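One-letter residues, chain by chain:
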Amino acid sequence: MSTGIDMAPLTGTAEEPVLEAVGLGKTFQVSGPPTAGGRRKVVAVEGVDLTLRAGSTVALVGESGSGKSTVARLLAQLLPPTAGEVRLHGKPVHARTGRQRRRYVGEVQLLLQDPFASLNPIHTIRYQLTRVLRLHGNRADHRPTEEKLVELLTTVQLHPAGQFLDKYPHQLSGGQLQRIAIARTLAASPSVLLLDEPVSMLDVSIRLGILNLLAGLKEQQQLGTLYITHDIASARYFADEILVMYRGHVVERGPSESVTQHPAHPYTQLLIDSAPDPARRGRDANEIGGIGQGGGAASAAAPTGCPFARRCPYAMPVCLSQMPAVSEVGTEAEGHRVRCWLNTPETAGEARSPRH
Ligand code: SF4
């Protein structure tokens, strides 16, 4: 049973793709019981397609273990894929070493969630930024290094810059450190920023300031941005397109407004119900196996049915035996797609009331 539609990214926008993932997959071999030969396979990511364009943001949303950070590491070339490929400016990226790898890493920068761990504690901020400028900086920019350092810190709204350059990471707050980490990614003159939960370890009071900074940089520097988060509310604010991941699969994707206002997959509905909203009087997310129950973890074996079936209150017999087909939500031009049997005419009639 198939609709002939796939989970391909949105098309039709003016900008050419900068970075693409095509059918990206990653399977890990981990130790297992002796009866299985001492090894077993864990499918962390399967069949992920996404496209990053200059000046726009794609959000990858899901709970811990859904595979979203693995996608970031595959795109950053920190892990080799076991299926599919990554394309930079339309050209496939193969395992790179030496100068090729350095060029790729300069162009595709990864910002990690923990600013305390991402900076070297034994070097000053000046040393760490200067090193990136030397390794990956724009070779056509012949201005003195000091001038570039001041510009970088001014760009991330740390001024006067002289107050920060000769400090060590432990002398700065979490918010200041994350701004330094952002400045370090910019020092490489990237085309792409991969943001892996960039505000999740910061105080709530400073998260919005960092997100506003990143949104401004994306516009000014025309960066293709991937925003990884478990918080679908911030994805709606920050991203143009949302991809919802569950157990390594993209289960719903589309324009941010459409996915958050008209979620079609029960898991997306769960994420939205779990976001804090005192005004909402809908059902409690816990009623359908709420967030934080560990259900998003990568699957130990290839699922034969829907990966969400065990938690889904609408599960039908077909859900347990067949991976759901992809179908459109609304018109094809809207680009809102879902992988759920509830949305296909052949099986929607079998749906029953939610079980509690
Ligand atoms: Fe639930 Fe079935 Fe849809 Fe999966 S395919 S989300 S189990 S209704």
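Let me sum up the structure you'll find in this document. (Residues numbered from 1 in each chain as written. Predicted model: local features only at pLDDT ≥ 70, side-chain atom pairs only at ≥ 80, totals over all residues. Heavy atoms only, no water.)

## Notes on the nonpolar core
Put simply, the rule is: Definition of nonpolar core: a set of buried residues of the types Ala, Val, Leu, Ile, Met, Phe, Trp, Tyr and Cys, connected through side-chain atoms within 4.5 Å. Type-normalised accessible area, obtained with a 1.4 Å probe on protein chains alone, sets the label of each residue: buried when under 20%, exposed when over 50%, and partly exposed for intermediate values. Here a strand is any run of E in DSSP of at least two residues, a helix any run of H or I of at least four, and the numbering for each starts at the N terminus.
Leu153, Val156, Ile182, Ile242 and Tyr267 are the most contacted members of the largest nonpolar core, which totals 60 residues. Of all the elements, helix H7 (residues 174–187) adds the most residues to this core, at seven residues. Among the nonpolar cores identified, the runner-up in size contains 31 residues, and Leu19, Ala54, Ala72 and Leu194 belong to it.

## A look at the sheet that holds strand E4 (residues 83–88)
To summarise the sheet geometry, strands pair through backbone hydrogen bonds and adopt either a parallel or an antiparallel arrangement. Just so we agree on the cut-off: Here the rule is simple: two strands pair whenever DSSP picks up at least two bridges between them. Orientation is described by lines fitted to C-alpha atoms, with helices fitted over the stretch in contact, and by angles between N-to-C directions that extend from 0 to 180 degrees. Every residue pair with non-hydrogen atoms within 4.5 Å of one another is taken to be in contact.
Read from one edge of the open sheet, four strands run E2-E1-E4-E5, paired in antiparallel fashion. The outermost strands of the open sheet, each flanked by one partner alone, are strand E2 (39–53) and strand E5 (91–93). Direction aside, the axes of adjacent strands within the sheet are offset by 35 degrees on average. Sheet analysis places strand E1 (residues 17–31) next to E4, joined by five bridges and oriented antiparallel. Across the sheet, residue Val22 finds its bridge partner in E4, namely Glu85. Relative to the sheet, helix H1 (residues 68–75) contacts E1, E2 and E4, its axis offset from that of E1 by approximately 115 degrees.

## As for the pairing of strand E8 (residues 224–229)
Regular strands have side chains that alternate between both faces of the sheet. Using the following cut-off: Crossover handedness is defined by viewing with both strands directed away from the observer: a clockwise path from the first strand over the helix to the second marks the crossover as right-handed.
Here E8 lies mainly inside the structure; six of its six residues are buried. With burial as the criterion, each face of E8 is covered, one bearing Gly224, Leu226 and Ile228 and the other bearing Thr225, Tyr227 and Thr229. Where strand E3 (residues 57–61) lies against E8, five bridges are found, and the strand directions are parallel. Of the residues in E8, the one forming a bridge with Ala59 is Tyr227. The pairing of strand E7 (residues 192–196) with E8 spans five bridges and is parallel. Bridging from a neighbouring strand, Leu193 pairs with Thr225 of E8. A crossover connection joins E7 to the parallel E8 through helix H8 (residues 204–220); in handedness this β-α-β unit is right-handed.

## Thoughts on a positive patch on the surface
The following threshold applies: Patch membership requires over 30% relative accessible area and the absence of a salt bridge. Like charges are linked within 9 Å, and nonpolar side chains (Val, Leu, Ile, Met, Phe, Trp, Tyr) within 5 Å. Here the Shrake-Rupley method, with its probe set to 1.4 Å, supplies the accessible areas, and only the displayed protein chains count as covering residues. Here a salt bridge means any side-chain nitrogen of Lys or Arg lying within 4 Å of a carboxyl oxygen belonging to Asp or Glu. Charged-residue counts in this description rest on Lys and Arg as positive and Asp and Glu as negative, His and the chain ends being excluded. Charged groups are reduced to one reference atom each: NZ for lysine, CZ for arginine, CG for aspartic acid, CD for glutamic acid.
On the surface, a cluster of positive charge is contributed by Arg99, Arg102, Arg103 and Arg139. Inspection of the secondary structure puts Arg139 in the loop between helix H4 (125–136) and helix H5 (145–155). On the basis of relative accessible area, Arg139 is assigned to the exposed category, the value being 57%.

## Digging into the sheet that holds strand E10 (residues 249–255)
Within the open sheet, the eight strands sit side by side as E6-E7-E8-E3-E9-E10-E12-E11. Their pairing is mixed. Pairing within the sheet leaves two strands with one partner each, and these edge strands are strand E6 (108–111) and strand E11 (326–328). Averaged over neighbouring strand pairs, the angle between their axes works out to 20 degrees when direction is ignored. With four bridges joining them, E3 and strand E9 (residues 241–246) adopt parallel strand pairing.

## Focus: the site of the ligand
Selection rule: Distances are taken per atom, and a residue is near a molecule or strand as soon as one of its heavy atoms is within 4 Å of it. In the cavity and pocket records, a cavity denotes points on a 1 Å grid over the protein atoms alone where a 1.4 Å probe fits but cannot get out, a pocket denotes an open set with protein on both sides within 12 Å along at least 5 of 7 lines, and lining residues are residues with an atom within 4 Å of a point. Any molecule with more than half of its atoms within 2 Å of a cavity's or pocket's grid points is regarded as sitting in that cavity or pocket. Residue type decides the class: Asp, Glu, Lys and Arg count as charged, Ala, Val, Leu, Ile, Met, Phe, Trp, Tyr, Cys and Pro as nonpolar, and the leftover types, Gly among them, as polar.
Lining the immediate environment of the ligand, one finds 13 residues, of which Cys306, Cys312, Cys319, Cys340 and Trp341 sit closest. Placement of the ligand is best described as lying within the largest cavity. Split by residue class, the shell around the ligand holds twelve nonpolar, one polar and no charged.

## Quick notes on the environment of Pro17
Locating Pro17 in the fold gives a position in strand E1. Along the sequence, Pro17 and Thr51 sit 34 residues apart, while their C-alpha atoms lie 6.1 Å from each other. Every residue in contact with Pro17, bar those within four places of it in the chain, is listed here: Thr51, Leu52, Arg53 and His89.

## Here's the deal with the packing of aromatic side chains
We count it as follows: Note on ring pairs: Phe, Tyr and Trp rings are taken, using the six-membered ring of Trp, and paired if centres are within 6.5 Å. Classes follow the plane angle, with under 30 degrees stacked, over 60 edge-to-face and the rest tilted.
A full pass over the atoms with the stated rule returns four aromatic pairs. One aromatic cluster in this structure is built from Tyr246, Tyr267 and Phe308.

## What about the packing of H4 against H7?
Think of two packed helices as two axes; the pair is described by the angle between the axes and how far apart they sit. Spelled out, the test is: Roughly parallel here means an angle under 35 degrees, roughly antiparallel means over 145, roughly perpendicular means 65 to 115, and every remaining angle is called oblique. If you view the pair so one helix is near and one far, a crossing is left-handed when the near helix is turned anticlockwise from the far one by less than a right angle, and right-handed when it is turned clockwise.
Running from N to C, H4 and H7 cross one another at 20 degrees; their axes reach a closest spacing of 8 Å. On the basis of the axis angle, H4 is roughly parallel to H7. Taken as a pair, H4 and H7 cross one another with a handedness that is right-handed. Taken together, the residues of H7 that come into contact with H4 (itself represented by Ile125, Gln128, Leu129, Val132, Leu133 and His136) are Ile180, Ala183, Arg184 and Ala187. Residue composition of the contact of H4 with H7, grouped by class: seven nonpolar, two polar and one charged.

## Topic: the packing of H5 against H7
Contact geometry for H5 and H7: axes closest at 9 Å, N-to-C directions at 130 degrees. When the axis of H5 is compared with that of H7, the two are oblique. For the element pair H5 and H7, the recorded crossing hand is right-handed. Note on element contacts: H7 touches H5 through Ile180, Ala183, Leu186 and Ala187, opposite Leu152, Leu153 and Thr155. Class assignment for the residues of the contact of H5 with H7 results in six nonpolar, one polar and no charged.

## Section: the pattern of salt bridges
Tallied over the full model, the rule gives 14 salt bridges. Counted as one network, the salt bridges with shared partners bring together Asp141, Arg143, Glu147 and Glu151.

## Let's talk about H4
Using the following cut-off: The length a helix should cover is 1.5 Å for every residue beyond the first.
With twelve residues, H4 should reach 16 Å at 1.5 Å per residue; the first-to-last C-alpha distance of 17 Å fits that figure. Within H4, burial applies to Ile125, Gln128, Leu129, Thr130, Val132, Leu133 and His136. Along its buried surface, H4 packs onto helix H2 (98–107), H5, helix H6 (162–165) and H7.

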